[in-house]
Amino acid sequence: MNIVVLAKQVPDPEAFVEIRGDGTGLEIEPKFATNLFDEFALEEALRIREKHGGKVKVITLGGGKATEVLRTGIAMGADEALLLDDPAFFDGDGYATALALSRAIKKDPFDVVLCGKQATDDDRGEIGPMVAQFLNVPHVGGITKLEIADGKATAESPIEGNKAVVEVSLPAVFTTAKGLNEARVPLITGVMKAMKVQIPKATPSELGLSQEELGKTGSKVRIERYLPPKKRAGVRLITGDAAEAAAEAVRILVDEVRVI
Amino acid sequence: MERLLIFVETKGDRPRKVSMELLSEGQKLRTQGYAVEALVMGKASEALRQEVLPCVDRLVSLTDAVLQSYTAEGYALALANHVRSINPKVILAGATQIGRDFLPRVAVMLGAGIASDATEIRWKEDPVKIIRPVHGGRALSQVSFVNYPSIITTRPNSFPLEAQAGTPGEYVEKEAAMSFEDVKAKVVKVEEVTKGKVDVTEADVIVTGGRGMKGPENFAMLEELAALLGGVVGATRSVVDAKWRDQQDQVGKSGKTVSPKLYIAVGLSGAIHHIMGMDTSKVIVAINKDEKANIFNYADYGIVGDLFQVVPAMTQDIKKRLGK
């Protein structure tokens, strides 16, 4: 079983995010973490390998700290990693990024592709379904259970209050949601191994892609600027004992802001 | 004339609330020179037609058997083919689990740009500009498209629900000429987990409880308050992890992102993960005994006090006010 995980190193959810003065970019405190949803993908990949054999390959796209997520994957137990760190790959929209990732997956035979349902920085949630479409394979989104047998997978995903059970033939893509599993903590031997491992890279030309198809130039959507979110005026504390405060809160909600 | 296509997602035999928000938007644009089309998978019920037709010039229902159950491939192929036949400038859908799951495939099929989870659309700009939250709402990004058609999914509760009576459009049923061979995924079954319950993403009022609730049994008081306000009960991550509440009710980064009119945060500290999921709520009320709780930094109104006294008192007061 050839299992591929697409994973991303993202700013730590607690990291400070500030908009650059001219709105052209974000200044983000350099604290990083594995994208929460990708941890479930990594864990599930390892569980599939433990049950069915095969190998787990982790792929990421990005420069600088991006490679850390590959080391995390290897520390957890992944067999291989692949890094797309040519600047031509950077700053793409979902489309350009998914195109590059799908080509990277296609370099070798694959049966199962797992990735988090969305990254907690861009919050686009487009990569999994787009990669599946570029690969022309089915996908099941936001899964909370996955079973594999006889070249087929059965996945459960909660959809708007219902639970769908979907069967797909492999190869297929699955995007992972909370509830699927609990990610393991890497063993110290894994961490040691991950620190030393040489991480292979792929260039655009090795993936059969031209500069025009990638990054910003290959994007269908452009980020023009960043704006601050609407600020609240600051909390108005309602005082008094419980009964008084409750009555005043209800009065405000009914008479002042009229949301009741 | 510029054409718009709205994908109508259904719940039971009715359009989902977020679809009606988009149809309201469509109805406005119809008076500004857009031709507005809607697409629904499966036969449209009488109730659905009554709600949708006043907002559009035409509603097409695709009746193929393979489209009776949701699959990303099936919906994507049907929608992409329909887009090719009517050539809209913009395709709109709700940023629901389904919308966010299959529209990215449509984007690839059409070579189109997609902006997911938009909270604002600036129609007067050309190309159309979109505002969408990033980094869990800590910044907004303004994006535009390099070509048409372009695809936009919108966050539920972000656009006003204000469809009015209007000249009903045409209703057309047809087949997309798709078969089960076109779709590799097979839906084995769909279990209704929460029959008829409003999803937290579409609720107007959410009363969320955190660890301060002390145990699952105490959520009954939040259920009572929420029901009184026509809302639903949400939960924090720690409450879901402790199995006090269902995963589907979780508000926050690893759960759902919500934008209700009123969000009442009860006995929760306001971890950044939680804030990311509810910061776009219109009015936020926090009840917590710890005056230093982070939730007060994000609330409009705060009560520092014992939730076990404040919540029942609020419930009683609201009952009086509403004459119940």
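Everything here concerns the structure above.
Residues numbered from 1 in each chain as written. Chains lettered and ligands numbered in written order. Predicted model: local features only at pLDDT ≥ 70, side-chain atom pairs only at ≥ 80, totals over all residues.

1. Points about unusual backbone geometry
Line of reasoning, step 1. Residue Leu170 of chain A is joined to Pro171 of chain A through a cis peptide bond whose omega torsion reads 0 degrees.
Line of reasoning, step 2. Relative to the helices and strands, Pro171 of chain A is located in the loop between strand E12 (162-169) and strand E13 (172-176).
Line of reasoning, step 3. Going from Tyr148 of chain B to Pro149 of chain B, the amide bond is cis rather than trans, its omega being 5 degrees.
Line of reasoning, step 4. For Pro149 of chain B, the location among the structural elements is in the loop between strand E10 (139-145) and strand E11 (150-154).
Line of reasoning, step 5. Phi at Asn87 of chain B takes a positive value of approximately 55 degrees, unusual for a residue other than glycine.
Line of reasoning, step 6. Topologically, Asn87 of chain B is positioned in the loop between helix H3 (72-86) and strand E6 (90-94). (Helix = DSSP H or I, 4+ residues; strand = E, 2+ residues; numbered from the N terminus.)

2. Notes on the sheet that holds strand E10 (residues 145-149) of chain A
Line of reasoning, step 1. The four strands lie next to each other as E10(A)-E11(A)-E12(A)-E13(B), forming an open sheet whose pairing is antiparallel. At either end of the open sheet lies a strand with only one pairing partner, and these are E10 of chain A together with strand E13 (185-192) of chain B. Averaged over all adjacent pairs, the angle separating strand axes in this sheet is 15 degrees, with direction ignored.
Line of reasoning, step 2. As paired elements, strand E11 (residues 152-159) of chain A and E12 of chain A share eight bridges and run antiparallel to each other. Its bridge partner lying in E12 of chain A, Thr154 of chain A is registered against Glu167 of chain A. (Pairing = 2+ DSSP bridges. Axes fitted to C-alpha atoms, helices over the stretch in contact; angles between N-to-C directions.)

3. Brief notes about helix H6 (residues 242-256) of chain A
Line of reasoning, step 1. Its 15 residues place the ends of H6 of chain A 20 Å apart at the C-alpha level, agreeing with the 21 Å of an ideal helix rising 1.5 Å per residue.
Line of reasoning, step 2. For H6 of chain A, the full list of buried residues reads Ala245, Ala246, Ala249, Val250 and Leu253 of chain A. Each buried residue of H6 of chain A lies within a common arc of 130 degrees when the element is viewed along its axis, so the set occupies one face. Among the exposed residues of H6 of chain A, those oriented more than 90 degrees off its buried face are Asp255 and Glu256 of chain A.
Line of reasoning, step 3. Lining the buried residues of H6 of chain A we find strand E16 (262-266), strand E17 (283-288), strand E18 (301-304) and helix H8 (307-322) of chain B.
Line of reasoning, step 4. Looking at the residues trailing H6 of chain A, positive phi occurs at Arg258 of chain A, about 50 degrees. (Expected span 1.5 Å × (residues − 1). Buried ≥ 20, exposed ≤ 12 C-beta atoms within 10 Å, placed from the backbone. Arc of directions from axis to C-beta. Contact = placed C-beta atoms within 7 Å.)

4. A look at the sheet that holds strand E14 (residues 205-209) of chain B
Line of reasoning, step 1. Within the open sheet, the six strands sit side by side as E15(A)-E18(B)-E17(B)-E16(B)-E14(B)-E15(B). Their pairing is parallel. A single partner strand is all that each edge strand has here, and the edge strands are strand E15 (236-237) of chain A together with strand E15 (232-235) of chain B.
Line of reasoning, step 2. Here helix H5 (residues 219-228) of chain B sits on the sheet and contacts E14, E15 and E16 of chain B; the angle it forms with E14 of chain B, its principal contact strand, is near 170 degrees.
Line of reasoning, step 3. Packing against the sheet, H8 of chain B makes contact with E16, E17 and E18 of chain B, and its axis sits at approximately 135 degrees to E17 of chain B.

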